Amino acid sequence: MIGMGIETSCDETSIGIVRDGKELLSLRIFSQIDMHKPYGGIVPEIASRAHLEKINFLLEEAMEEAKVSFEELSYVAVTSSPGLTGSLMVGAQMARCIHMVYGTPILPVCHLQSHFAVLHLEGVPTEFPVLGLLLSGGNSAIYNLKEFGRMELVGDTMDDALGEAFDKVAGLLDLPYPGGPYIEAKALEYKPAPDEKPVLPPLLRNLPQDQVSFSFSGLKTAVMVLLEKQKNLSKEQICWNFQNSAFDLVERNLKRAVSKTGIRRVFAGGGVLANSTLQKRLQSWAEKNSVELFSPKKKIYCTDNGAMVATLGYYLFQKGYKRDIDFTVSPSRQEIFS
């Protein structure tokens, strides 16, 4: 079974084509990073216009690379929520056009669940329930994924997402956008003493022991204070401190989520997982706590991409899921829970 995935939720335009939900036939991505870099963040109007300009070219390239025809597609999956409304509409219209011309069934899917489904392209078996840890520019949350199409929120961010915090701290340090890769590179240049601990304060120390919550806005403020009061600290040391403090909170929330749900199998996904330091810390934490943790080995699968959409579409299509041409798109995450 061959399926297509269309991803236009934010600042990547992507078409992916997979076979049987596990074999990648083609993946084409256009990243808008350079277009948004002058503004230090995503500009919705620029994003939607770029999707519109690039999506037809990517579709043609993906079909040629996969060596398939539209008649061979069993379904076309498309991200319908959450995301920027104007951007989501571009992908939705592409899916509708394919359906109208070729009669291909349409599967509007959840962007967040797609980040977990992509692990199956790397051979991770499907076993539910599983905890889904999502860390990206717009999301820092943990879900109880009961099956594809059904998940419930275990813990969410109270303010900034982790990727957003990386970008804001990078701005404070005069590092380029997006901040994640540059902060990690600087942090890796710092050589801490064997017993050195982060000087930034612990986060959310007064929360109940069973509460799973992320909060990174205070950490950003702590970096501002650090820059003002301890001018002797190098940029590398501040990046090291910020990363370790942020990742401490991720580990603590994972521990609480495992304790709260009893689920000891974790899928981790999202753009922040491209950070190799975080990947190593999560794997080390999982081994010490007898938790089975899977995260993308290929950094391209951490990004927003059409392959993850197509893979999720395969599992939903197997369950008989599809929608009429008049399906809607939504910026809200509330649309995803059932």
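Residues numbered from 1 in each chain as written. Predicted model: local features only at pLDDT ≥ 70, side-chain atom pairs only at ≥ 80, totals over all residues. Heavy atoms only, no water.

1. Observations concerning the packing of helix α5 (residues 162-172) against helix α8 (residues 235-261)
To keep it simple, the criterion reads: Only C-alpha atoms enter the line fits that serve as axes; for helices the fit covers just the stretch in contact. Angles between N-to-C directions range over 0 to 180 degrees. Secondary structure elements are defined from DSSP: runs of H or I of at least 4 residues count as helices, runs of E of at least 2 residues count as strands, and each element is numbered from the N terminus. Here roughly perpendicular refers to angles of 65 to 115 degrees, roughly parallel to angles under 35, roughly antiparallel to angles over 145, and oblique to all remaining angles. Handedness of a crossing is defined here by the sense of rotation of the near helix relative to the far one, left-handed for an anticlockwise turn of less than a right angle and right-handed for a clockwise turn. Note on contacts: a residue pair is in contact if any heavy atoms of the two residues lie within 4.5 Å.
Axis separation between α5 and α8 bottoms out at 12 Å; the angle between their running directions is 170 degrees. By the angle between their axes, α5 is roughly antiparallel relative to α8. The interaxial crossing formed by α5 with α8 has right-handed handedness. Where α5 abuts α8, its residues L162, A165, F166 and V169 lie against F242, Q243, A246, F247 and V250.

2. Some details on the domain arrangement of the protein
Counted only if it meets this: All the domain ranges listed were derived from an automatic or database domain assignment. Here the quantity called buried area is the accessible surface, traced with a 1.4 Å probe, that two parts lose on coming together, added over both. Each reported salt bridge corresponds to a side-chain nitrogen of Lys or Arg within 4 Å of a carboxyl oxygen of Asp or Glu. Between N or O atoms, a polar contact is any pair within 3.5 Å; within protein, one atom must be a potential hydrogen donor and the other a potential acceptor, and residues adjacent in sequence are included only when both atoms are from side chains.
Domain annotation of the protein identifies domain 1 (2-119 + 301-319) and domain 2 (128-299). Each of domain 1 and domain 2 was reduced to a C-alpha centroid, and the two centroids are 27 Å apart. Counting residues at the interface gives 21 residues for domain 1, matched by 27 residues for domain 2. In this assembly, domain 1 packs against domain 2 so that about 1900 Å² is buried in total across both faces, 73% of it on carbon and sulfur atoms. A per-residue breakdown of the area domain 1 buries against domain 2 is headed by F116, L119 and C302, which together make up 38% of the total. Linking domain 1 with domain 2 are one salt bridge. Taking the shortest distance from any N to any O, the salt bridge between E147 and K319 comes out at 3.6 Å. In this structure, the connection of domain 1 to domain 2 is made through six residue pairs in polar contact (both at pLDDT 80 or more). By residue number, the principal contributor to the side of domain 1 that touches domain 2 is helix α4 (residues 111-117), which donates five residues.

3. Regarding the state of the cysteines
Stated formally: By definition, disulfides here are pairs of cysteine sulfur atoms that lie within 2.5 Å. Exposure is judged per residue with a 1.4 Å probe applied to protein chains only, and the accessible area is read against the type maximum: over 50% gives exposed, under 20% gives buried, and values in between give partly exposed.
Across all of its chains, the model carries zero disulfides by this definition. Here C110 stays free of any disulfide, with the sulfur of C10 as its closest cysteine sulfur at 15 Å. Counting only cysteine sulfurs, C10 is the nearest neighbor of C302, a cysteine outside any disulfide, at a range of 16 Å. Judged by its relative accessible area of 1%, C302 falls in the buried class.

4. A look at helix α7 (residues 217-229)
What counts is decided by this rule: Multiplying 1.5 Å by the residue count of a helix minus one yields the expected span of that helix. In this context, the arc is that of the directions from the helix axis out to the C-beta atoms.
For α7, built from 13 residues, the straight-helix expectation of 18 Å at 1.5 Å per residue is met to within 8% by its first-to-last C-alpha distance of 19 Å. By the burial criterion, the buried members of α7 are L219, A222, V223 and L226. Considered in projection along α7, the buried side chains sweep an arc of 105 degrees and stay on one side of the axis. Its buried side turned inward, α7 meets α5 and α8.

5. Notes on the packing of aromatic side chains
Short version of the rule: Side-chain rings of Phe, Tyr and Trp (the six-membered ring for Trp) are treated as a pair once their centres are within 6.5 Å; stacked means planes under 30 degrees apart, edge-to-face means over 60, and tilted covers the remaining angles.
A complete count under the given rule lists eleven aromatic pairs for this structure. When the ring of F148 is compared with that of Y315, the centres are 5.3 Å apart and the planes differ by 40 degrees; the resulting orientation is tilted. Residue F148 is located in the loop between β7 (140-147) and β8 (150-157), and its partner Y315 is located in helix α10 (residues 306-318); the two are separated by 167 residues in the primary sequence. Of the two residues, F148 and Y315, both sit in the buried class.

6. Considerations on the UniProt feature "binding site: substrate" (unreviewed entry) in the protein
Operational definition: UniProt positions are given in the numbering used here, feature names are shortened, and annotations may be inferred rather than shown by experiment.
The UniProt record marks L134, L135, S136, G137, G138, D167, G180, E184 and N275 with the feature "binding site: substrate" (unreviewed entry), using the residue numbering of this structure. Within the secondary structure layout, L134 lies in strand β6 (residues 130-135). Residues within four places of L134 in sequence aside, it is in contact with L112, H115, F116, N139, S140, A141, Y143, G269 and G270. For N275, the location among the structural elements is in the loop between β10 (265-269) and α9 (276-288). Judged by relative accessible area, which is 6%, N275 ranks as buried.

7. Quick look at the sheet that holds strand β11 (residues 292-294)
Cut-off, in case you're wondering: Strand pairing follows a simple DSSP-based rule, namely that at least 2 bridges must link the two strands.
Pairing is mixed across the open sheet formed by six strands, whose spatial order is β9-β8-β7-β6-β10-β11. The outermost strands of the open sheet, each flanked by one partner alone, are β9 (213-214) and β11. Summarising the sheet, β6 and β7 pair through six bridges and their orientation is antiparallel. Each bridged residue has a counterpart across the sheet, and for L131 the counterpart in β7 is N144.

8. A few points about the sheet that holds strand β4 (residues 73-81)
In space, the five strands of this open sheet follow the order β3-β2-β1-β4-β5, with mixed pairing throughout. A strand with exactly one partner marks an edge of an open sheet, and here the two such strands are β3 (23-31) and β5 (106-110). Strand after strand, the sheet turns through a mean of 20 degrees between neighbouring axes, direction not considered. Pairing geometry for β4 and β5, over five bridges, is parallel. Its bridge partner lying in β5, V78 is registered against P108. In the packing of helix α2 (residues 44-66) onto the sheet, contacts are made with β1 (2-7), β2 (12-19) and β3, and the angle to β3 comes to roughly 155 degrees.

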